[in-house]
Amino acid sequence: MTARRRSSYPLGLLALRTVAAWGVALLLFFPLGWLLLTAFKTELQAIAVPPLLFFTPTFENFHEVQERSDYLLYAKNSVITSVLSTVVGLMLAAPAAYAMAFFKGKYTKDILMWMLSTKMMPAVGAFVPIYVLAQKSHLLDTQLALIIVFALSNLPIMVWMLYSHFKDIPREILEAARMDGATLWQEVRLVLLPLGMGGLASTGLLCLVLSWNEAFWSLNLSAAKAGTLATLIASYSSPEGLFWAKLSAASLMAIAPIVVFGWFSQKQLVQGLTFGAVK
Amino acid sequence: MNRRLLPRLLLTPAMVTLFLWMIVPLVMTLYFSFIHYNLMQPDQTGFAGLENFEYFVTDPSFGTAVLNTLLLLGSVILITVVFGVAIALLINEPFPGRGIVRVLLISPFFVMPTVNALMWKNMMMNPIYGVLAQVWMFFGAQPVDWLTDLPLFSVIVMVAWQWLPFATLIFMTALQSMNHEQLEASRMDGANYLQQLRYLYVPHLGRSVAVVVMIELIFLLSIFAEIYTTTGGGPGDASTNVTFLIFKQALLNFDAGVASAGALFAVLLANIAAVFLIRMVGKNLDK
């Protein structure tokens, strides 16, 4: 099929398309590529005019970032808050999505719409109260506060994504299982989990990415103790922190895990992101 | 297990937490917005009436912030949809290295907004050492001081760069599901590429455009990190959006009362947008 299509395809057009596609891709990737190069330069090389393309790479920046600001502590906070908020979110969202997908009631649609509408409220709209509550309960600058906030702010999207995935599981399979006398637990373990794994995975992946990159709440609810990598990077925005090579190294260390992770999971992410509406 | 009780039991935890997450801050915000509440002036207390609202709305920055919010939203959505469709069409047919091109194209979406902002600010847009300045000089032009002279435009560039991959990815997925027999048939009937674009590709993409617009709207209304780490809303109010204005009131002026009044306004703004968009997408998802 593909072979036939390709053979009917003019070669000149293919060449043109190839060049154009690579051109666009390299152009859009350029800032990231430049960041990657700068991370391995010395500070002087980083601001050289004209910019240096070829140089002897140094790993000095990475050591210095760790020494100056304890990168590992922030990285650990990022891992803990994003993983745990994803787990908490899934634990709340999955049962709800399951209930709505398989026991559709009169109000299911309204509930779904209401849930999504809570996501339309900008974070800053809830900022003062959440800040006051966190302060009163001594949760400022704790991982727990971030975990709760991340999980809840992602919850509507998680429910939606899981709902659209679960809805695509043929009802007949579940009904057959019920006829055969499967208990709820068996139904979930033997039918729903294996068939809904893709949905759970893509939902979890997206939440992980969103929590990892979240900046508003991390910047305003956490500081030196529970700060995530987003907080660490923002601390480089002050003028005295203007060391490009170190900034690049820190940035690279902050984004590399999630970017690489994203490369491997892009297919699942697309399915999830579109709520299954685009196939 | 009772088949009527079970779904409610499963639904309750998510609904209760979400309800609390919505209603508690909302009620508190409502309360704060009607009292004098400045963290720096604890002696000033009591009912404020509509003073906070008046103060927020008559703030000279207010109009600019609303306009900036809409400009940012509109331009980023327009840029990502138009270029997203174009790039998706470009890489829709197989060509050498398509897998790598896809990986390169999708990458910006995973970049942390704070990193995105600092990277553009320092390494791309710096008027002396930045790559763009070097390119401008190479062509004999005067380098632009992007963040000072075109602050809102600079923020738009950063945000659009981040969200273009998202749009591309979704349009690409939608194109993959096009009916090939239909395309083949239209070709046989002598339709050229432009006609195919007009009558087959674009109508097919309608639904994914709705999804892209909705999700971007949710995230773009509350753009914060890019502004916080680059321009700080300035110079003046040139790149202040509603989110950032409220943040300024709450954390730089310590006025929780005024910030709360502003927050209610942001909620209103978001809900106006939501009513239209959720309906539109809701219809689309109904099947």
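Residues numbered from 1 in each chain as written. Chains lettered and ligands numbered in written order. Predicted model: local features only at pLDDT ≥ 70, side-chain atom pairs only at ≥ 80, totals over all residues. Heavy atoms only, no water.

## Regarding the overall build of chain B
Here is step 1 of the chain: Secondary structure summary: chain B contains 13 helices and zero strands in total.
Here is step 2 of the chain: Ordering the α and β elements of chain B from the N terminus gives α-α-α-α-α-α-α-α-α-α-α-α-α.
Here is step 3 of the chain: Here the C-alpha radius of gyration of chain B, 24 Å, is well above what a compact globule of 287 residues would show, namely 19 Å.
Here is step 4 of the chain: Counting over 287 residues, chain B shows a buried share of 55%.
Here is step 5 of the chain: Counting only contacts in chain B whose residues sit at least 6 apart along the sequence, the fraction spanning at least 24 positions is 68%.
Here is step 6 of the chain: Each charge sign in chain B was given a centre, from 13 positive and 15 negative side chains, and these centres are 18 Å apart. (Helix = DSSP H or I, 4+ residues; strand = E, 2+ residues; numbered from the N terminus. Rg over C-alpha atoms; globule rule 2.2 N^0.38 Å. Buried < 20%, exposed > 50% of the residue type's maximum accessible area, 1.4 Å probe, protein only. Contact = heavy atoms within 4.5 Å. Lys, Arg positive; Asp, Glu negative; His and termini not counted. Charge placed at Lys NZ, Arg CZ, Asp CG, Glu CD.)

## What to know about the overall build of chain A
Here is step 1 of the chain: Helix and strand counts for chain A come out as 13 helices and zero strands.
Here is step 2 of the chain: Tracing chain A from N to C terminus, the helices and strands come up as α-α-α-α-α-α-α-α-α-α-α-α-α.
Here is step 3 of the chain: A compact globule built from 279 residues would reach a C-alpha radius of gyration of about 19 Å, whereas chain A, at 24 Å, exceeds it by more than 25%.
Here is step 4 of the chain: Projecting the C-alpha coordinates of chain A onto the three principal axes gives extents of approximately 75 × 70 × 30 Å.
Here is step 5 of the chain: The buried share of chain A, reckoned over its 279 residues, is 56%.

## Some details on the interface of chain A and chain B
Here is step 1 of the chain: Facing 104 residues of chain A, the contacting portion of chain B comprises 100 residues.
Here is step 2 of the chain: Buried area between chain A and chain B, both sides added, is near 9,200 Å², and the carbon and sulfur share of it is 80%.
Here is step 3 of the chain: At the boundary of chain A with chain B, the tally comes to zero salt bridges.
Here is step 4 of the chain: Counting the contacts that link chain A with chain B gives six residue pairs in polar contact (both at pLDDT 80 or more).
Here is step 5 of the chain: Sort the elements by how many residues they give to the side of chain A that touches chain B and helix α2 (residues 11–39) of chain A lands first, with 17 residues.
Here is step 6 of the chain: Here the side of chain A that touches chain B is composed, by residue class, of 77 nonpolar, 16 polar and 11 charged. (Buried area = accessible area lost by both parts, 1.4 Å probe. Salt bridge = Lys/Arg side-chain N within 4 Å of Asp/Glu carboxyl O. Polar contact = N/O pair within 3.5 Å; in protein donor to acceptor, adjacent residues only side chain to side chain. Nonpolar A, V, L, I, M, F, W, Y, C, P; charged D, E, K, R; others polar.)

## Quick word on the confidence of the model for chain B
Residues and elements named next belong to chain B.
Here is step 1 of the chain: Scored by pLDDT, chain B has a mean of 84; 95% of the residues are at 70 or more.
Here is step 2 of the chain: Taken element by element, chain B is modelled with least confidence in helix α13 (residues 256–286), mean pLDDT 76, and with most confidence in helix α3 (residues 60–90), mean pLDDT 92.
Here is step 3 of the chain: Complex prediction metrics read pTM 0.86 and ipTM 0.84. (pLDDT = per-residue confidence, 0-100.)

## Examining empty space enclosed by the protein
Here is step 1 of the chain: Enumeration according to the criterion identifies six cavities of 30 Å³ or more in this entry.
Here is step 2 of the chain: The space that makes up the largest cavity amounts to roughly 770 Å³.
Here is step 3 of the chain: Contributing elements (two or more residues each) for the lining of the largest cavity: α6 (108–119), α8 (143–167), α10 (184–213) and α11 (216–221) of chain A together with α1 (5–33), α8 (151–176), α10 (193–220) and α11 (225–229) of chain B.
Here is step 4 of the chain: Per element, the largest residue contribution to the lining of the largest cavity is five residues, and it comes from α8(A). (1 Å grid on protein atoms, 1.4 Å probe; cavity = no way out; pocket = protein on both sides within 12 Å on 5 of 7 lines; lining within 4 Å. Points joined across faces, edges and corners; volume = space filled by probe spheres on them.)

## A closer look at the packing of helix α5 (residues 71–102) of chain A against α10(A)
Residues and elements named next belong to chain A.
Here is step 1 of the chain: The contact between α5 and α10 brings their axes to 9 Å, and the two run at 135°. Taken together, the axes of α5 and α10 lie oblique to each other. Crossing geometry of α5 relative to α10 is assigned as right-handed. Residues S78, V79, S82, V83, S85, T86, L90, A94, Y98 and F102 of α5 touch α10, and the partners they reach there are L184, E187, L192, L200, T203, G204, C207, L208, S211 and W212. (Axes fitted to C-alpha atoms, helices over the stretch in contact; angles between N-to-C directions. Parallel < 35°, antiparallel > 145°, perpendicular 65-115°, else oblique. Left-handed = near helix turned anticlockwise from the far one by under 90°.)

## What about the nonpolar core?
Here is step 1 of the chain: Core analysis: the largest hydrophobic core is formed by 186 residues, its most contacted members being F102(A), F166(A), W217(A), L229(A) and M112(B).
Here is step 2 of the chain: If near-sequence neighbours (up to four positions away) are discounted, L229(A) is found in contact with Y71(A), Y74(A), A75(A), S78(A), W212(A), M253(A), A254(A) and M112(B). (Core = buried A, V, L, I, M, F, W, Y, C linked by side-chain atoms within 4.5 Å.)

## Section: the environment of Y228(B)
Here is step 1 of the chain: Considering the arrangement of structural elements, one finds Y228(B) in helix α11.
Here is step 2 of the chain: You can call Y228(B) partly exposed: its relative accessible area is 32%.
Here is step 3 of the chain: The spatial distance from the C-alpha of Y228(B) to the C-alpha of P108(B) is 19 Å, given a sequence separation of 120 residues.
Here is step 4 of the chain: When residues no more than four places from it in sequence are discounted, the contact partners of Y228(B) are L219(A), A234(A), F244(B) and F247(B).

## Some remarks on helix α6 (residues 131–138) of chain B
Here is step 1 of the chain: Those residues of α6(B) not exposed but buried are V131(B), A133(B) and Q134(B). For α6(B), the angular spread of buried residues about the axis comes to 160°, placing them on one side.
Here is step 2 of the chain: Close packing links the buried residues of α6(B) with α2 of chain A together with α5 (113–124) of chain B. (Arc of directions from axis to C-beta.)

## Thoughts on the packing of aromatic side chains
Each aromatic ring pair is characterised by the separation of its centres together with the angle its planes make.
Residue and element names in this part refer to chain A.
Here is step 1 of the chain: Evaluation of the coordinates by the stated rule reveals 35 aromatic pairs over all chains.
Here is step 2 of the chain: On the numbers, 5.7 Å between centres and 75° between planes, the contact of F127 with F216 is edge-to-face. Placement of F127 in helix α7 (residues 127–136) and of F216 in helix α11 is noted, with a sequence separation of 89 residues between them. In this pair, the class of F127 matches that of F216, namely buried. (Phe/Tyr/Trp six-rings, centres within 6.5 Å; stacked < 30°, edge-to-face > 60°.)

## Looking at the pattern of salt bridges
Here is step 1 of the chain: A full pass over the atoms with the stated rule returns four salt bridges over all chains.
Here is step 2 of the chain: Among the ionic pairs, E43(A) bridges to K246(A), the shortest N-O distance being 2.9 Å. With E43(A) in helix α3 (residues 43–46) and K246(A) in helix α13 (residues 244–273), this pair connects stretches of sequence that are 203 residues apart.
Here is step 3 of the chain: On the basis of relative accessible area, E43(A) is assigned to the partly exposed category, the value being 21%.
Here is step 4 of the chain: Close ionic contact of R187(B) with E184(B) constitutes a salt bridge, the shortest N to O distance being 4.0 Å. One end of the pair is R187(B) and the other is E184(B), both in helix α9 (residues 180–188) and three residues apart, which spans about a single turn.
Here is step 5 of the chain: When its relative accessible area of 41% is taken as the criterion, R187(B) is described as partly exposed.
Here is step 6 of the chain: In this structure E184(B) comes out as partly exposed when scored by relative accessible area, which is 26%.
Here is step 7 of the chain: Bridged by salt links that share partners, the residues E43(A), E64(A) and K246(A) form one connected network.

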